[in-house]
2 protein chains.
Amino acid sequence: MQISELSLRTGVPIGTIKFYLREKLLATGTVISATRAEYSEAHVDRLNLLRVLLGVGGLSVSRARQVLAALDAPPVSIHEVLQATHAALGPHVAVEERQQQHARDLVRRWGWSVLAGGSAIDQLAAAVGALETAGFPELDVVMDRYALAMRELAAADVAGVPNECPTAAVRYLVIGTVLLEPLIAALRRLAQEDAAAQRPRSTAAERHSTEDRGVS
Amino acid sequence: MQISELSLRTGVPIGTIKFYLREKLLATGTVISATRAEYSEAHVDRLNLLRVLLGVGGLSVSRARQVLAALDAPPVSIHEVLQATHAALGPHVAVEERQQQHARDLVRRWGWSVLAGGSAIDQLAAAVGALETAGFPELDVVMDRYALAMRELAAADVAGVPNECPTAAVRYLVIGTVLLEPLIAALRRLAQEDAAAQRPRSTAAERHSTEDRGVS
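Here the structure is a predicted model, which is why all the values come from computation and not from measurement.

Here we look at the pattern of salt bridges
- Enumeration according to the criterion identifies 18 salt bridges over all chains in this entry.
- The partner of Glu41(A) in a salt bridge is Arg9(A), with the nearest N and O atoms 2.8 Å apart. You can see Glu41(A) sitting in helix α3 (residues 41-54) and its partner Arg9(A) sitting in helix α1 (residues 3-10), a full 32 residues away along the chain.
- In this structure Glu41(A) comes out as partly exposed when scored by relative accessible area, which is 46%.
- The partly exposed category is assigned to Arg9(A), whose relative accessible area is 41%.
- One network of salt bridges, with partners in common, ties together Arg145(A), Arg188(A) and Asp157(B).

Written as structure tokens, this is what we have:
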């Protein structure tokens, strides 16, 4: 297909496609004359992925290039795809060596095998540092609880990653990170409202009896 | 104590304290002369809370005023404190009526009792809308999984809220929302990396055998 049809198929304006071609985010088509090139289904897939990365993903062109580079360098395991998407998505926070070491110790305590050079460990380090500075009580207990829950959920998350092609996997992981994180935060707030509604006037005595009943 | 000692005790500059007094975020002290007022421990508590709200909480003065108003209007249950903090913290997103209805239906399906006029339901509605637009597969299954997990975690969250005084509860909830949400996002990413590491080259066959082994 020609560039005009590629534009129609993907909803990406021709000028934008030409920009992606210049930036080498999109491979050049097969040249069929001095002014025409032929594009394939692979170009459609790549453009759809670019829309996700630069759109909901909020990635810069250089970060998107990182993700695409990981995709284009076989072999691509889900692990490698995760590494590239997490590294590219950010937020990229600067943390002290001491804080990062603390985060590494936590991850080791949970027995997790995480990626070297990933950005998530720095995000964990920054968040833990802020909570410690704020004097959040029983932080270790709360973190262990969430770590355990997230690890169980992650098994299902990873099982849900499409494995028929790397492009589909990246698309799923970008959306499943960028858009699911605010969803999970909203669910947590609503769940807390429900949990609080079950014990509207909490005294120490009432709290114990509520806990005994358990939470279904 | 005088304003200078109040400033020393809390680390809040005198000029800032005067600003809070003018904005009625802080009650005026007991006037003891034309130029002097006496402040109490209640002022220290209030200033410490204000630092959390305006600092890590990132609240505007008018949003902070909302939280304080909820605190000052007895009776204060954890439910009411949650309502005020969630409403004040935002993000405040505009959603269509249809999207909000969808979010309400979800919450009803989970059997949750949530707050009328809260902001979390709009956040849920916006996130669900974005995921649907992006064509995220099996969204309902994933949401149910996370909703169930968050509800279990919320019971422990709410049990951990200090209930000896409303100020401590608000402080805990603000920090536990603003600072724990990025922590949870980081934990989720790291947990996914570990889950993916357990199945580095996922084929359909391998995936099944990995699932059979379960996740500890």
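Things to note about the relation of the copies chain A and chain B
- Of the transformation placing chain A onto chain B, the axial shift is 0.0 Å and the rotation is 180°, giving an RMSD of 0.0 Å. On this basis, the relationship between the two copies can be described by a two-fold rotation axis. Distance from the rotation axis, computed per C-alpha, reaches its smallest value in chain A at Ala149(A): 3.5 Å.
- Taken as a fraction of all interface residues of chain A, those also at the interface in chain B reach 100%, which identifies the copy contact as same-surface.

A closer look at the packing of helix α10 (residues 180-197) of chain A against helix α7 (residues 120-133) of chain B
- Orientation of α10(A) relative to α7(B), taken along the N-to-C sense of each, is 150°, at an axis distance of 8 Å. One finds that α10(A) runs roughly antiparallel with respect to α7(B). In the packing of α10(A) onto α7(B), the handedness of the crossing is left-handed. For the pair formed by α10(A) and α7(B), the contact residues are Leu180(A), Pro182(A), Leu183(A), Ala186(A), Leu187(A), Arg189(A), Leu190(A) and Glu193(A) on the first element and Ala120(B), Ile121(B), Gln123(B), Leu124(B), Ala127(B), Val128(B) and Leu131(B) on the second.

Digging into the interface of chain A and chain B
- Taken together, the 77 residues of chain A in the interface contact 77 residues of chain B.
- Summed over both partners, the interface of chain A with chain B comes to about 7800 Å²; 67% of that surface belongs to carbon and sulfur atoms.
- Counting across the interface, chain A meets chain B through eight salt bridges.
- Two residues, Arg145(A) and Asp157(B), come together in a salt bridge whose shortest N-O distance is 3.8 Å.

Quick word on helix α4 (residues 61-72) of chain A
All names here are of chain A.
- For α4, built from 12 residues, the straight-helix expectation of 16 Å at 1.5 Å per residue is met to within 8% by its first-to-last C-alpha distance of 16 Å.
- All of the buried residues in α4 are Ala64, Val67, Leu68 and Leu71. The arc that holds the buried residues of α4, viewed along the axis, is 95°, so those residues lie on one side.
- Residues of α4 that are buried in the fold lie against α3, α5 (78-89) and α9 (166-178).

As for the pairing of strand β1 (residues 30-33) of chain A
Residues and elements named next belong to chain A.
- As paired elements, β1 and strand β2 (residues 36-38) share three bridges and run antiparallel to each other. Across the sheet, Val31 pairs through a bridge with Ala37, a residue of β2.
- Here β1 hands over to β2 after two residues, the two strands then running antiparallel side by side.

A word on α1(A)
Residues and elements named next belong to chain A.
- Every buried residue of α1 is listed here: Ile3, Leu6, Ser7 and Thr10. Down the axis of α1, the sector holding all buried residues measures 100°, keeping them to one side.
- Where the residues of α1 are buried, they touch α2 (14-22) and α3.
- Directly after α1, the chain includes Gly11, whose backbone phi takes a positive value near 75°.

Points about the environment of Ala103(B)
All names here are of chain B.
- Looking at the secondary structure, you find Ala103 in helix α6 (residues 97-109).
- The class of Ala103 is buried, set by a relative accessible area of 1%.
- Those residues in contact with Ala103, other than ones at most four positions away along the chain, are Ile121, Leu124 and Ala125.

Notes on the side chain of Glu193(B)
- Looking at the secondary structure, you find Glu193(B) in helix α10 (residues 180-197).
- No salt bridge is formed by the buried Glu193(B); the nearest opposite charge belongs to Arg189(B), separated by 7.5 Å.
- Residues within four places of Glu193(B) in sequence aside, it is in contact with His79(A), Leu82(A), His86(A), Ser113(A), Val114(A), Leu115(A) and Ala120(A).

Looking at the confidence of the model for chain A
- Here chain A shows a mean pLDDT of 84. Residues at 70 or above account for 90%.
- Within chain A, helix α8 (residues 139-159) of chain A carries the highest mean pLDDT (95), whereas helix α11 (residues 204-213) of chain A carries the lowest (40).

Description of the nonpolar core
- Core analysis: the biggest nonpolar cluster contains 136 residues, and Leu124(A) and Leu124(B) have the highest contact counts within it.
- Leu124(A) has contacts with Ala103(A), Val107(A), Trp110(A), Leu183(B), Ala186(B), Leu187(B) and Leu190(B), leaving out every residue within four places of it along the chain.

Description of the packing of aromatic side chains
- Using the criterion set out here, one finds six aromatic pairs over all chains in the structure.
- Relative to Tyr20(A), the ring of Phe19(A) has its centre 6.0 Å away and its plane inclined at 55°; by these criteria the two rings are tilted.
- Seen in terms of ring centroids, Trp110(B) and Trp112(B) are 5.0 Å apart; in terms of plane orientation they differ by 45°. Their pairing is tilted. The two residues Trp110(B) and Trp112(B) agree in class, both being buried.

Calculation rules
- Residues numbered from 1 in each chain as written.
- Chains lettered and ligands numbered in written order.
- Predicted model: local features only at pLDDT ≥ 70, side-chain atom pairs only at ≥ 80, totals over all residues.
- Heavy atoms only, no water.
- Salt bridge = Lys/Arg side-chain N within 4 Å of Asp/Glu carboxyl O.
- Helix = DSSP H or I, 4+ residues; strand = E, 2+ residues; numbered from the N terminus.
- Buried < 20%, exposed > 50% of the residue type's maximum accessible area, 1.4 Å probe, protein only.
- Least-squares fit on C-alpha atoms with pLDDT ≥ 70 in both.
- Contact = heavy atoms within 4.5 Å.
- Axes fitted to C-alpha atoms, helices over the stretch in contact; angles between N-to-C directions.
- Parallel < 35°, antiparallel > 145°, perpendicular 65-115°, else oblique.
- Left-handed = near helix turned anticlockwise from the far one by under 90°.
- Buried area = accessible area lost by both parts, 1.4 Å probe.
- Expected span 1.5 Å × (residues − 1).
- Arc of directions from axis to C-beta.
- Pairing = 2+ DSSP bridges.
- Lys, Arg positive; Asp, Glu negative; His and termini not counted.
- pLDDT = per-residue confidence, 0-100.
- Core = buried A, V, L, I, M, F, W, Y, C linked by side-chain atoms within 4.5 Å.
- Phe/Tyr/Trp six-rings, centres within 6.5 Å; stacked < 30°, edge-to-face > 60°.

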